[in-house]
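These are the residues of each chain, in order.
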Amino acid sequence: MSGIKDEKRPGSVDTSNEDDKELLALGYKPSFKREFSNLATISFAFSIMGLCSSIATTFNTPMLTGGPSSVVWCWILGACMCFTLGASIAEIVSAYPTCGGLYTASAQLTPKRHRAKVGWLVGWLNILGSQPNRWISSTEFGLANMILAAVNIATHGRFEITSGKTVGVFVGLLVFHGSWLNSLATRWLARLTTGFVFVNLGATFLIIIVLLATTPRSEMHSASYVFGSEGIINQTGLDGNQGWNTGIAFLFGLLSVQWTDYDATAHISEEVRRAAYAVIGTGLIGWLLNIVVVICSGPHADLVGSNSAFLQIMYLRMGKTGSLILWAFVCLTAFFVVQTALQAASRTIYAFSRDHGLPDNGFFGKNSKSTQTPLRAIWLTTLVMAAQAIFSLTAMGLDLSYVIPIFCRRMFHSHPDVMFKPGPFYMGDGIIGRICNTICIAWTLFVCVIFSLPTVLPVSADNMNYASVITCGVIILAFLWYILGAHKHYVGPQSNLHDESVEQIDQSSFQTDEKQNAA
């Protein structure tokens, strides 16, 4: 990283906090208060994965394209592959725990002559993937639809859902998340986040238990329908036309499980006391939820054309009152997803602006003196979310930003400019680490192909998947911008140890005040 590893630490920059010492060694002043406990960090990780809300908002795609078996098998297949991706990412971000996440780590893992170009590419792919729509706009818009769907059921269909009402609820939620909730100081964000995991897991297990309790044994689907060939139902052809072959239709179920921001916790690593904890239980719990929902789903034909097959199944088994009560908790978990995703995305903007990767002269790379959080970056993220321009390409953009640092970690780990130093989580340089890295790279590239395909045929302007076209376009434009002018001000992630405008946070004084207040 240009000017970071070779920079001598000035004597005035000192700390007794172990995490801050690691951050200083990477070339950055501690700029955030570390007020996220281990529980809050775990809760943050569970919340951004969504679990029941993520499954609920994406359930239609696998269920109504590949069928019930696609829902079940693609989830566990994707979850297992994503475990290798999560482990590979954890190995990197535990070694480079900064709010820039994989963006900053990518440059550290690259020889000096390539650092600016690699940092530029990963930075824009990460922003492209994590910010505009991937977890924030898409989930916020989905939450608006979930709320209105509940109102529709509560009024027995008398309430008409229109695009205007959906946009209105979406904007209201967006303003609440961006201008108020995420503008709180880290202390309050940490306290709010701590309880997220209990609501998330509690709602998931309640749905599982109640669905099983309210579905008559005679109406539960057979194992062949849930796990076997009976549950492979190809519905990718529109209006009686020939659709994709059954294999491709089945693989569309992967679109549900792949929507996870695996390095999100790394983006708040400067605000947590331990940055290397990882949570992978979401995959197994999510698989159990998918199995139960499919078992209790009723006639498949009744779900076709539904705006929310997940809610319809709950309504079928629990009735109006029961389904709406539990649906409120599902909506709450979606609310938490947006909260945590916005927090992570704003830290990416903050880090990229801090390194002059944006044409803002570092304006969005500053913290508020009152809250010690990047309010400018938060508000910019909120404004970009409102544009809601590039939904389908974001998964591809973020996944590609994962592959690059993992590849660089293996390719250049012993290069004199890199000399990879493992963090607390380390798989080693043996066969396990190499296999894990290789599988996750191959899997991610494969899934990017699936992300590029339209889910139905014949293709029209309305159902075309423009993900690959726009992603390639953004990469080309980003590098064109870099060649024409950005290379003059962007040289890769930069140390801020000598930047007098950056205030260093003293964690020891904060923790002393915290103990006094508790007493």
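Report follows, based on the coordinates. Because the structure is predicted, anything quoted here is derived from the model rather than measured.

The rules we used
- Residues numbered from 1 in each chain as written.
- Predicted model: local features only at pLDDT ≥ 70, side-chain atom pairs only at ≥ 80, totals over all residues.
- Heavy atoms only, no water.
- Axes fitted to C-alpha atoms, helices over the stretch in contact; angles between N-to-C directions.
- Helix = DSSP H or I, 4+ residues; strand = E, 2+ residues; numbered from the N terminus.
- Parallel < 35°, antiparallel > 145°, perpendicular 65-115°, else oblique.
- Left-handed = near helix turned anticlockwise from the far one by under 90°.
- Nonpolar A, V, L, I, M, F, W, Y, C, P; charged D, E, K, R; others polar.
- Buried < 20%, exposed > 50% of the residue type's maximum accessible area, 1.4 Å probe, protein only.
- Contact = heavy atoms within 4.5 Å.
- Phe/Tyr/Trp six-rings, centres within 6.5 Å; stacked < 30°, edge-to-face > 60°.
- 1 Å grid on protein atoms, 1.4 Å probe; cavity = no way out; pocket = protein on both sides within 12 Å on 5 of 7 lines; lining within 4 Å.
- Points joined across faces, edges and corners; volume = space filled by probe spheres on them.
- Patch = residues over 30% accessible without salt bridge, like charges linked within 9 Å, V, L, I, M, F, W, Y side chains within 5 Å.
- Areas by Shrake-Rupley, 256 points an atom, 1.4 Å probe, with all protein chains shown as cover.
- Salt bridge = Lys/Arg side-chain N within 4 Å of Asp/Glu carboxyl O.
- Arc of directions from axis to C-beta.
- Polar contact = N/O pair within 3.5 Å; in protein donor to acceptor, adjacent residues only side chain to side chain.

1. Quick look at the packing of helix 11 (residues 196–214) against helix 17 (residues 309–354)
Argument step 1. Between helix 11 and helix 17, the shortest axis-to-axis distance is 10 Å and the interhelical angle comes to 165°. Relative to helix 17, the element helix 11 is oriented roughly antiparallel. Pair helix 11 / helix 17 crosses with left-handed handedness.
Argument step 2. Here the contact of helix 11 with helix 17 is composed, by residue class, of 16 nonpolar, five polar and one charged.

2. Observations concerning the side chain of histidine 177
Argument step 1. Its location among the elements puts histidine 177 in helix 9 (residues 163–180).
Argument step 2. For histidine 177, a relative accessible area of 0% translates into the label buried.
Argument step 3. Each residue touching histidine 177, except ones within four places of it in the same chain, is listed here: Glu140, Asn182, Phe335, Val338, Gln339 and Leu342.

3. Overview of the packing of aromatic side chains
Argument step 1. By the definition in use, this model includes 23 aromatic pairs.
Argument step 2. Taken together, a centroid distance of 6.0 Å and an interplanar angle of 45° make the contact between tryptophan 120 and phenylalanine 352 tilted. With a gap of 232 residues between them, tryptophan 120 in helix 7 (residues 112–130) and phenylalanine 352 in helix 17 connect regions that are remote in the sequence. The two residues tryptophan 120 and phenylalanine 352 agree in class, both being buried.
Argument step 3. Between tryptophan 244 and phenylalanine 252, the ring centres sit 6.5 Å apart and the planes meet at 75°, which makes this aromatic pair edge-to-face.
Argument step 4. The buried category is assigned to phenylalanine 252, whose relative accessible area is 0%.

4. Details of empty space enclosed by the protein
Gaps between atoms show up when a probe of the same size as a water molecule is rolled over them.
Argument step 1. Considering all chains together, one arrives at one cavity of 30 Å³ or more under this definition.
Argument step 2. For the largest cavity, the full set of lining residues is Phe59, Pro62, Val71, Trp75, Gly253, Ser256 and Asn290.
Argument step 3. Residues of the lining of the largest cavity, tallied by class, amount to four nonpolar, three polar and no charged.

5. Overview of the packing of helix 5 (residues 68–95) against helix 20 (residues 431–452)
Argument step 1. Their axes nearest at 9 Å, the elements helix 5 and helix 20 cross at an angle of 120°. Taken as axis vectors, helix 5 and helix 20 run oblique relative to one another. Considering the relative orientation of helix 5 and helix 20, their crossing is left-handed. Across the interface between the two elements, Leu77, Gly78, Met81, Thr84, Leu85, Ala87, Ser88 and Glu91 from helix 5 touch Cys436, Asn437, Ile439, Cys440, Trp443 and Thr444 from helix 20.
Argument step 2. Of the residues assigned to the contact of helix 5 with helix 20, the class counts are eight nonpolar, five polar and one charged.

6. What to know about a nonpolar patch on the surface
Argument step 1. Judged by side-chain polarity, Val459, Met464, Tyr466, Val469 and Ile470 come together as a nonpolar surface patch covering roughly 390 Å² of accessible area.
Argument step 2. With respect to the secondary-structure elements, methionine 464 resides in the loop between helix 20 and helix 21 (467–484).

7. Here we look at helix 10 (residues 186–194)
Argument step 1. For helix 10, the set of buried residues is Thr186, Leu189, Ala190 and Thr193. Along the long axis of helix 10, the arc covered by the buried residues comes to 100°, so they all point the same way.
Argument step 2. Its buried side turned inward, helix 10 meets helix 2 (38–49), helix 11 and helix 17.

8. Overview of the environment of asparagine 60
Argument step 1. On the secondary structure map, asparagine 60 appears in helix 4 (residues 60–63).
Argument step 2. Spatially, the C-alpha atom of asparagine 60 lies 9.4 Å from that of glycine 253, the residues being 193 residues apart in sequence.
Argument step 3. Setting aside residues up to four positions removed in sequence, asparagine 60 forms contacts with Thr65, Ser306, Asn307, Ser308, Ala309 and Phe310.
Argument step 4. At 2.8 Å, the side chain of asparagine 60 forms a polar contact with the backbone oxygen of serine 306.

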